[in-house]
Amino acid sequence: MTGGEASPPRAKRSLGQNFLVDPNIQRKIVAELDPGPEDAVLEVGPGHGELSRHLLGRCRRLVLIEKDRDLARELATLWNGRPGVEVVEGDALRLDLSALVPRGMPLRVVSNVPYNITSPLLFAFLDLVPAAVRVVITVQREVAERIVAPPGTKAYGALSVGVRAVADTSLAFYVGRQAFRPVPAVDSAVVRLEPRPHPAAVDHDELRALTRACFNRRRKQLQKTLRTAPELGFRGDPRAFLCSLSIDPAVRPEALDPATFVALAAKLRTIRQMDPAR
């Protein structure tokens, strides 16, 4: 805000706002994003511009998406006249994000993600492939650990599979709650995602339905889940079906890697398409 005429807008609980005020953490996040002079950067939820200030002049185009009208006006007052910078007032879950970045320009995405919309916003970012070359998000620590969890661990689940089916993931560093104002009830972590430029064909709806069914019954053998989960609509002999895919019928979901889940989801969809009565 210029001129000192008004106080900055307060955090709005309804929007899940917690502003990142630690400048050292801000710089570390931008270093993880590593924008280049030919890149476009899409920042969702820029707040008062805490990260944006470090991004100015480091990329070819900077698009700031802010749902809070007061904050959007503040950012527009600061930077809308600056070449290569655009402030967009709107809900990132309702906007066509791909339309905001010129075609062919490498895209990097950064966001301090509101905890209440982490999953849908994360998948909206991953839908930007192949334009997106890197996504750096700050999320609740527990969610970050689920995103990067490998098969065979307690944290591995539907979110791990959905993200890792299309991107390589790494937990960059943890962020204590004192780095934010207002101070949240939990700690956070920064996760770096490297979307694969040519990921295997993934039907995300089919994959989500399968992984939710499996991990909601994570102690059951896979053959039993196929037999008893009505949301999967599977008919026939689950044991024979799984053996035909070289999957152990007695395996439990936490032992399956993302690629196996993708293949299984695709096969289930093919079976349903071949049998209209299902």
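Residues numbered from 1 in each chain as written. Predicted model: local features only at pLDDT ≥ 70, side-chain atom pairs only at ≥ 80, totals over all residues. Heavy atoms only, no water.

## Let's talk about the pairing of strand β3 (residues 61-66)
With 5 of its 6 residues buried, β3 lies for the most part within the structure. With 5 bridges joining them, strand β2 (residues 40-44) and β3 adopt parallel strand pairing. Paired with L42 across the strands is V63, a residue of β3. The pairing of β3 with strand β4 (residues 85-89) spans 5 bridges and is classified as parallel. Each bridged residue has a counterpart across the sheet, and for E66 the counterpart in β4 is E89. On the question of chirality, the crossover connecting β3 to the parallel β4 by way of helix α3 (residues 69-79) is right-handed. (Buried < 20%, exposed > 50% of the residue type's maximum accessible area, 1.4 Å probe, protein only. Helix = DSSP H or I, 4+ residues; strand = E, 2+ residues; numbered from the N terminus. Pairing = 2+ DSSP bridges. Right-handed = clockwise from strand over helix to strand, strands pointing away.)

## Examining the pattern of salt bridges
Applying the stated criterion across every chain, the model contains 16 salt bridges. A salt bridge links E32 to R192, with the shortest nitrogen-to-oxygen separation between them at 2.4 Å. In this pair, E32 is assigned in helix α1 (residues 23-33) and R192 in strand β9 (residues 188-195), connecting sequence segments 160 residues apart. Note that D203 is salt-bridged to R269, the shortest N-O span being 2.8 Å. Here the residue D203 occupies a position in the loop between β9 and α7 (204-215), and R269 occupies one in helix α10 (residues 258-274), the gap between them amounting to 66 residues. Looking at R269, the relative accessible area reads 37%, which means it is partly exposed. Residues participating in the shared-partner salt-bridge network are E32, R134, R192 and E194. (Salt bridge = Lys/Arg side-chain N within 4 Å of Asp/Glu carboxyl O.)

## Examining the side chain of R134
Its location among the elements puts R134 in strand β6 (residues 132-140). Here E32 takes part through its backbone oxygen, which lies 2.7 Å from a polar atom of the side chain of R134. (Polar contact = N/O pair within 3.5 Å; in protein donor to acceptor, adjacent residues only side chain to side chain.)

## What about the sheet that holds strand β5 (residues 107-112)?
Here 7 strands make up an open sheet; going across it, the order is β4-β3-β2-β5-β6-β9-β7 and the pairing mixed. Looking along the sheet, the strands with just one partner apiece sit at the ends: β4 and β7 (167-175). Across the sheet, the mean angle separating the axes of adjacent strands is 15° when strand polarity is ignored. The strands touched by helix α4 (residues 118-126) are β2, β5, β6, β7 and β9; relative to β6, the strand with the most contacts, the crossing angle is about 170°. (Axes fitted to C-alpha atoms, helices over the stretch in contact; angles between N-to-C directions. Contact = heavy atoms within 4.5 Å.)

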